[in-house]
Amino acid sequence: MTDVSTGEPIAGVSVLADGSAAVTATDDNGQYSFVIPQNSQSLTFRYLGYVSQTTPLNASNVVDVTLSPNTSELEEVVVTALGIARPKNELSYAATSINNETLTQVNAVNAINGLQGKVSGLNVTTISSGVFEDVNINLRGIRSLTGNNDPLLVLDGVPTPISYFSSLNPNDIENVSVLKGSSSAGIYGPDARNGVIVVTTKRGSDTPVITVSHATQFQNISFFPKLQKEFGSGGYGSYIPYENWSWGPAYDGSTKEIGHELPDGSVQTVVYSATDERQDFFDTGVTMQNDVSLSSKGFFLSLQDANIKGIVPGDKNRRTSVRLNATREYGKFDAGMNVNYSQMNYKVFHDEGMGDYFTAQNVGGNDGIMAQIFNTPAHIPLSKYKNFETDPFADYNGYYNDYGLNPYFAIDNWRREGKRQDVLANLRLGYKPTDWLSFTYMAGLTSQTRIDRNYSKGEVPNEYGLGRSFTLIPGTVEEQPYAYTRLSSELFGQLDKQLDGDFRLKAILGTYVRQTEFRNTEVGAGNLVVPELYNIGNRTGSLSGASTYSQSRLFSVYGSAALSYKGWANVEFTGRNDQTSLLAMGNNSYFYPGVSGSVLLSDAIPGFKSNAFSYLKLRGAWNKTGNAEISPYSLAAIYTQPAYTGFPFGSLPGFTAGNTTYDANLNPEFVNSTEAGIESGFLNGRITLEATYFYQKNTDQIISVRTSDATGYNFANLNAASFINKGIEMDLGLSPLIKFQDGGVHFRANATYNNSEVIGVYPGLDEVSIGGYVASGNVAVIGKPAFVIRATDYLRDDEGRIIVDRVSGYPSVDPNSKDFGRTLPLWIVGLNPSVQWKGFNLSALFEYKGGHYASFFAMGSDMSWTGVGEATALNHRERFVLPNSSYEDPANPGTYLPNTDITVANVNDFFTGVYRDAASNFITSAAAWRMRELSLSYDFPEHILARLGVVKGLSVALTGRNLFIWVPKENKFSDPDFNSVNEDYPNTFGIVNSVSYPPVRNFGFNVNLRF
């Protein structure tokens, strides 16, 4: 039994003797044998994805058959639970498969960015434009209000934390299957409740192939905050040469002094006109990737060097990785081993260190490097201050600004240097005693070691600097070693047997155990004796620091049983029981079941198929998933010695239990998921359309609620809240949309509508804070989406107008914060047109997100305080009537009249005062269209390469990523996808401050050679 196009044997083909119940299946070599009943006149051969064939019997004892692929069916193969590849036709839940060519279209260093805009239900958001390309990933929204919402990464069959995606070389990946719902949790366990991203790496090739590739990409800023260029430094219209405020007089092209006169009498002068120096502070980033790989039968070896130079001067990250995959078969036994080692060496600006310094000074400026940019008026020649070590106008003592820092000095003084090493390894052993039964054992190791050094070079002000009230910047160093290890062991048996001519049974029974262990240690010296000798022994005073250690274990038993009737009717049952060390004994074992089914109507109904209507499948699934992924030791208060307690005091220890009490009998969070979908194909698969409705009810949410201080605690951790999450996913494929000689136009589109509603919090409470700022943060409120932005706003009348004072024209801030829009997108749309002609391929990818909001409160507040924000130049800083405002009618208290003539008393005071206090001024629609990808590639014809003898393939491409972003006019700040507070509040969305660098576009080229 062979494939007509490849000649390769096909295993598992059902062979039926017509007119009888006799049935068998082909083995791994495509061979079969059985006794044919006397009344049988023909044999029928069936295999999913191929055209069934009936062959008359003759006198010969040998019947060889070739099967042709069924192009009228969806041909996509999806790698599902335990690394098992299954035709999409037989799946009963939504899944999407992305091949390597699609994933690496524009050479993203972090492979997860190659999925943006290509998978319905998937939301990938960038945290910032740093050299690490950190992202947040959600599938079908969130399932936990305060817990982990990351999907599970399954790497070559082994469950792995999603954070390790950034360790993978995208060119090593053969295929990515995205399992969107929680149906796979019955096999993969609680980690899969948020969906699963299954990554299969390359295993080798039938013939030896050497691949060498190079990619270079450049980065520049695609969206910079809108800054006013009408007014310079000073306050209240007066020029002050050393001021960081831009509240001075209007630019007039005259020559003005900046800063103070230096001790030698030197004075710095500039033309009093606006420049683009603030944006020019950022460099053009460069990313260079070099790859080489060797592939042969059962063997794959690769090496990559990715060198990233960021847009912030001095920031860089170099990732070097090596992968070895090897497989071998020994009769009924097989063995495989995959090992991936990656090392990141990075040097970046340490904004937390600068923030700690400013916080200790009790002044502003602790919002990252962009805050220093906002402290710079538009006429300041910022780029001239790069040489702060030799230029007296640029150094710490002589910098023009009395309040801010030279940004070049800041990014040099506070640094973070580190090395991260990741090891991802797995061993797979298989035994197949029969053609329908197999056993597999998998062992996995996931390890990360990271050693960070955060330091401040320090600066001692001279006499001139002391005269300007400059203070000592201490030299400091903090060492932070981190180690994480996850060990897993899994054994399962798999049955795949044709019961008779119509029924096929597939079953899995397995057990899984893992241990997770991590330690995070911080040791710091706050006052170095010898400058720039970064050793904690080089200090005065005591060391600071802490050390955290945890260990947890999970033991699971799982199983599934699937029954197929003639390949067109499928039903599957799953079940899993987990026992975790995270919960209390006697309360730490929980079971969750699932069921799914599908009907291939185009095969079930005789005569249904036609050239016009070639494929139709209905599917549905339900499952219940448990989640006990809380932090270890979260069942009782942990005693510590915080610095604020003053302990240890000499030899006297003192411990505190903190301010949170814990429920010792916490239950898992549970997710009840239901989905129903339809898949269809038209014109022999030229048009495909897929739609899925999903509904998730998330209960027993673990949250922290406020308690009476009389209990000795401020908060209690317990099971309480619940919410629902629902939506629709749609996928459209037109391939080809237009066909012409030697090519065609293709089009793919996907769309996701995702809504949610909080239906319960805790008796007596209708909301819970998720994170962000007090003036503008994320909250979960009963009856509203998870989550909404709660922020300060002006006092308003019944018509929504801003109430102003009749004398000053100033508004007041409402003492009660208000709820604004949702923080997660209601709609995500991806559009992917492409054109192929001969060896040329032009492809574009557009993505839209909308229906949600973002808060730029901290960033906008910084811009308003220093007077650089575009809004602060309203009406050329002449007094103005606040738009949409009213004032109280003195003759009728409690009623309000439209304000047409009461102007704000002082524009400077308004924007540096009450305007900043109302966070609603900085909340905008987060809607955005992006050109995610654009590539033009050319594959050289084989007949030309044949003349070279050695070269088997050559392709070149021009690529671009995130080339353009279009946002509403009201967004004058930054990319609404960013999430600046992710580290402190990982479940918040749409909170952007000055720590986030401006978004960037990437453009470059790549060359790929095969030998």
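Residues numbered from 1 in each chain as written. Predicted model: local features only at pLDDT ≥ 70, side-chain atom pairs only at ≥ 80, totals over all residues. Heavy atoms only, no water.

**Student:** Sorry if this is basic, but what is going on with the sheet that holds strand E38 (residues 767–772) here?
**Tutor:** Backbone-to-backbone hydrogen bonds join strands into a sheet, with any given pair of strands oriented parallel or antiparallel. Here we have 4 strands laid out as an open sheet, ordered E38-E39-E40-E42, and antiparallel in their pairing. Each of the sheet's edge strands pairs with one partner strand only, and the pair in question is E38 and strand E42 (818–822). Each strand of the sheet is rotated relative to its neighbour by a mean of 40 degrees, with strand direction disregarded. Alignment of strand E40 (residues 788–791) against E42, held across 3 bridges, turns out to be antiparallel. Residue Arg-790 lies in a different strand from E42, and its bridge partner there is Asp-819. (Pairing = 2+ DSSP bridges. Helix = DSSP H or I, 4+ residues; strand = E, 2+ residues; numbered from the N terminus. Axes fitted to C-alpha atoms, helices over the stretch in contact; angles between N-to-C directions.)

**Student:** For this particular structure, what's the right way to read the environment of Glu-847?
**Tutor:** Here Glu-847 is to be found in strand E44 (residues 840–850). When the C-alpha atoms of Glu-847 and Ala-676 are compared, they prove to be 25 Å apart, with 171 residues separating the residues in sequence. Aside from chain neighbours lying at most four places away, what touches Glu-847 is Gln-116, Gly-117, Ile-828, Val-829, Gly-830, Ala-928, Trp-929, Arg-930 and Arg-932. Engagement of the side chain of Glu-847 in a polar contact is seen with the side chain of Arg-932, the distance being 2.6 Å. (Contact = heavy atoms within 4.5 Å. Polar contact = N/O pair within 3.5 Å; in protein donor to acceptor, adjacent residues only side chain to side chain.)

**Student:** Looking at this structure, how should I read empty space enclosed by the protein?
**Tutor:** Rolling a probe over the atoms, with the probe sized like a water molecule, indicates the empty space that remains. Throughout the structure, instances matching the rule amount to 6 cavities of 30 Å³ or more. Computed from the structure, the largest cavity encloses a volume of approximately 280 Å³. In this structure, the largest cavity is lined by 23 residues; those nearest its centre are Thr-126, Ser-129, Arg-961, Asn-962 and Val-1000. Within the residue set of the lining of the largest cavity, elements represented by two or more residues are strand E49 (928–939), strand E50 (953–966) and strand E51 (1000–1010). (1 Å grid on protein atoms, 1.4 Å probe; cavity = no way out; pocket = protein on both sides within 12 Å on 5 of 7 lines; lining within 4 Å. Points joined across faces, edges and corners; volume = space filled by probe spheres on them.)

**Student:** For this particular structure, what's the right way to read the UniProt feature "domain: TonB-dependent receptor plug" (unreviewed entry) in the chain?
**Tutor:** Mapped onto this structure's residue numbering, the UniProt feature "domain: TonB-dependent receptor plug" (unreviewed entry) falls at residues 88–196. Counting secondary structure, residues 88–196 comes out at 7% helix and 28% strand; the distance between its end C-alpha atoms is 16 Å. (UniProt positions renumbered as here; feature names shortened; annotations may be inferred.)

**Student:** Mind showing me how you'd approach unusual backbone geometry here?
**Tutor:** Only a minority of non-glycine residues have a phi that is not negative, and only a minority of peptide bonds are not trans. The omega torsion across Ser-735 and Pro-736 is 0 degrees, close enough to zero to call that bond cis. Of note, Pro-736 is situated in strand E36 (residues 715–740). Here the residue pair Ala-786 and Phe-787 is connected by a cis peptide bond, since its omega of 10 degrees sits within 30 degrees of zero. The phi dihedral of Asn-107 is positive, around 60 degrees, even though this residue is not glycine. Among the structural elements, Asn-107 can be located in the loop between helix H1 (100–103) and strand E10 (122–126). The class of Asn-107 is buried, set by a relative accessible area of 12%. (Buried < 20%, exposed > 50% of the residue type's maximum accessible area, 1.4 Å probe, protein only.)

**Student:** Would you mind going over the nonpolar core with me for this structure?
**Tutor:** Where a protein is soluble and globular, its nonpolar side chains tend to be buried together. By size, the foremost hydrophobic cluster in this structure holds 70 residues, and its most contacted members are Phe-281, Phe-282, Tyr-385, Trp-414 and Phe-910. Elements with a contribution of two residues or more to this core: helix H4 (351–360), helix H5 (369–374), helix H6 (407–413), E40, helix H9 (857–866), helix H10 (907–912) and helix H11 (914–917). (Core = buried A, V, L, I, M, F, W, Y, C linked by side-chain atoms within 4.5 Å.)

**Student:** How do you make sense of the pattern of salt bridges when you look at a structure like this?
**Tutor:** Pairs can form between side chains of opposite charge once their charged atoms are near each other. Counting across every chain of the model gives 42 salt bridges. A salt bridge links Glu-933 to Lys-118, with the shortest nitrogen-to-oxygen separation between them at 3.0 Å. Of this pair, Glu-933 sits in strand E49 while Lys-118 sits in the loop between H1 and E10, and the two are 815 residues apart along the sequence. Classification of Lys-118 by relative accessible area gives buried; the value is 13%. (Salt bridge = Lys/Arg side-chain N within 4 Å of Asp/Glu carboxyl O.)

**Student:** What is the right way to read the confidence of the model for the chain from this model?
**Tutor:** Low pLDDT marks regions whose predicted coordinates should not be analysed in detail. The share of residues in the chain with pLDDT of 70 or more is 96%, and the mean pLDDT across the chain is 91. The least confident element of the chain is strand E3 (residues 23–25), whose mean pLDDT is 69; the most confident is strand E41 (residues 802–803), at 98. (pLDDT = per-residue confidence, 0-100.)

**Student:** How should I be thinking about H4 in this particular structure?
**Tutor:** Owing to its 3.6 residues per turn, the α-helix brings residues three or four apart onto one side. Residues Asp-351, Gly-353, Met-354, Gly-355, Tyr-357 and Phe-358 constitute the buried set of H4. Those residues of H4 that are buried lie in contact with strand E24 (333–349), H5, H6 and strand E25 (414–434). Within two residues after H4, Asn-362 carries a phi angle of roughly 60 degrees, on the positive side.

**Student:** Help me understand the pairing of E51 in this model?
**Tutor:** The side chains of a regular strand alternate between the sheet's two faces. In terms of strand pairing, strand E16 (residues 209–221) meets E51 through 11 bridges, oriented antiparallel. Note on E51: the bridge partner recorded for Phe-218 is Phe-1003. As paired elements, E50 and E51 share 9 bridges and run antiparallel to each other. Residue pairing for E51: Gly-960 is matched across the bridge by Phe-1003.

**Student:** I'm lost on the packing of aromatic side chains in this one. Help?
**Tutor:** How two aromatic rings sit relative to each other is given by the distance of their centres and the angle of their planes. Considering all chains together, one arrives at 43 aromatic pairs under this definition. With a centroid separation of 5.2 Å and an interplanar angle of 55 degrees, the aromatic rings of Tyr-753 and Trp-827 are classed as tilted. Taken together, the residues Tyr-753 in strand E37 (residues 743–760) and Trp-827 in strand E43 (residues 827–837) connect sequence positions 74 residues apart. Assessed through its relative accessible area of 34%, Trp-827 is described here as partly exposed. An aromatic cluster of at least three residues, connected via ring pairs, comprises Trp-247, Tyr-773, Phe-856, Phe-857, Phe-880, Phe-910, Phe-911, Tyr-915, Phe-922 and Phe-973. The side chain of Lys-256 reaches across the aromatic face of Tyr-272, ending 5.2 Å from its centre. Between Arg-877 and the ring centre of Trp-247, over which it is positioned, the NZ or CZ distance is 4.0 Å. (Phe/Tyr/Trp six-rings, centres within 6.5 Å; stacked < 30°, edge-to-face > 60°. Lys NZ or Arg CZ within 6 Å of the ring centre and 35° of its normal.)

**Student:** It is not clear to me how the side chain of Thr-988 should be interpreted in this structure. Could you clarify?
**Tutor:** Tracing the backbone shows Thr-988 in the loop between E50 and E51. Assessed through its relative accessible area of 0%, Thr-988 is described here as buried. Polar side-chain contacts of Thr-988 include one of 2.7 Å to the backbone oxygen of Tyr-985. Other than its neighbours up to four places away in sequence, Thr-988 contacts Ile-770, Gly-771, Gly-772, Asn-778, Asn-979 and Val-981.

**Student:** How should I be thinking about the environment of Lys-697 in this particular structure?
**Tutor:** Looking at where Lys-697 falls in the secondary structure, it is placed in strand E35 (residues 687–706). As a C-alpha pair, Lys-697 and Asn-672 span 25 residues in sequence and 5.1 Å in three-dimensional space. Those residues in contact with Lys-697, other than ones at most four positions away along the chain, are Phe-670, Val-671, Asn-672, Phe-723, Ile-724 and Ile-759.

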